[in-house]
Amino acid sequence: MSSRTCLLVAVTLATWLVETCDGDVRWTRDRKFDGLVKVNGYPHSELGGEGMNVRYCASTCTSSSRCASFFYLTANRTCIMNDLIFPSTSGGTVLPGARYFKAVTATCPVGDGYVWVARLRMCFKFYPTLTNFSTVFETCTNNGDRPVVLDTGDKNYAVSTYVAYTYGATFYVGAVREGAVNGSRTLWTSDYLLYWLNGKLVATDGPDSGWGLGHPSNSFGKEGCMVQLRNQWNDVSCDTNCSFVCEKVIP
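Procedures and definitions
- Residues numbered from 1 in each chain as written.
- Predicted model: local features only at pLDDT ≥ 70, side-chain atom pairs only at ≥ 80, totals over all residues.
- Heavy atoms only, no water.
- Buried < 20%, exposed > 50% of the residue type's maximum accessible area, 1.4 Å probe, protein only.
- Helix = DSSP H or I, 4+ residues; strand = E, 2+ residues; numbered from the N terminus.
- Pairing = 2+ DSSP bridges.
- Lys, Arg positive; Asp, Glu negative; His and termini not counted.
- Salt bridge = Lys/Arg side-chain N within 4 Å of Asp/Glu carboxyl O.
- Contact = heavy atoms within 4.5 Å.
- Phe/Tyr/Trp six-rings, centres within 6.5 Å; stacked < 30°, edge-to-face > 60°.

Remarks on the pairing of strand 16 (residues 232-236)
Along strand 16, four of the five residues are buried, which leaves the element largely enclosed by surrounding structure. Where strand 15 (residues 225-229) and strand 16 come together, five bridges link them in antiparallel fashion. Opposite M226, over in strand 16, you have D235 as the bridge partner. Two successive antiparallel strands, strand 15 and strand 16, enclose a turn made up of two residues, where R230 displays a positive phi of approximately 50°.

Written out as C-alpha cells, the structure is:
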C-alpha cells in the first residue's frame, strides 16, 4: 500500500492495524473467503517460511505498492499477496485453512462491490446488467463515477483480466466518439476518432492499444462507443446492450 517502511502493527481478533509514515492501513479479515483462494489468472506474489505469520504478511503487503489484499495459508504458512481486492468469492478454489485479508481504504468502497488495484490506484465496479451506453453513463455518473478508462496497457490488463476470470462478460468502457455521450451525433465519418473520457486519444497501436483484428471499424458509420470483448477492444453502436464497468477517479 505504501512505499514507506516505518510500520507498527496492532492486532485484534479479526483486524490488523498497520501504521505507516503516510497514514494507517487497516487490514480486515473477510470471512466469506475462509477456505478459499483466488490465484489462477490473477496477478499475485507469494512468500513463505517458518517465520511467516499474518502480522508479517500484513506488514509486507502494506509496504508494497502492488499489494491490496492477501491470502494467508495456515497449513504451510504462505502469504499470497494480490494486486486486487476481491469483492466476491466467485472463481475461488477450495483450500482448507486459507484466510483472506483486505486493506480498508477511505477512497474505494470495496464493501459495495468495488475492486481496488493498489499499484494503479484504480477503484472499479462491474455491473452485469445489459444496457446501452446512455444508461451506462448515467448510472456511473449518478454514483460519482465514470465508465472505466483503460488508457494504459496496465489498466487494460488489470480490469480485463479480473472481468474475464470472474464474469467472462463483454462490457462497455469509457471511450466514445464526439457527440456520443449527449446523443447529439449518431453517425460518424473517419475524421471522428475515439477518445477516453479523460480526454486522451484511444491508442490504435503500441502497448496501450487493445484492439482486436480489424478494429476500430466504425461499421456503417454508426459505432460511436467501445466495449471490451474477449479481452480485446471493439467499437460498437452506442445502442448495443452490454454489461459495464464504472470507476471512481482517485487523486
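Here the narrative resumes.
Side note on the side chain of E223
Among the structural elements, E223 can be located in the loop between strand 14 (195-196) and strand 15. R177 provides the closest opposite charge to the buried, salt-bridge-free E223, at an N-O distance of 5.8 Å. For E223, the contacting residues outside a window of four places in its chain are R177, W188, S217, N218, D235, V236 and S237.

Regarding unusual backbone geometry
Following H215, the chain continues into P216 via a peptide bond in cis, with omega recorded as 5°. Relative to the elements of secondary structure, P216 occurs in the loop between strand 14 and strand 15. Phi angles above zero are rare outside glycine, and F220 is one such case at about 60°. Within the secondary structure layout, F220 lies in the loop between strand 14 and strand 15. With a phi angle near 50°, R230 is a residue other than glycine that sits in the positive phi range. Along the chain, R230 falls in the loop between strand 15 and strand 16.

Focus: the packing of aromatic side chains
In the structure shown here, the tally under the stated rule is 18 aromatic pairs. Ring plane angle 75° and centroid distance 5.4 Å describe the contact between W196 and W233, whose orientation is recorded as edge-to-face. Highlighted residues: W196 in strand 14 and W233 in strand 16, separated in sequence by 37 residues. For W196, a relative accessible area of 3% translates into the label buried. Given the relative accessible area of 1%, W233 is considered buried.

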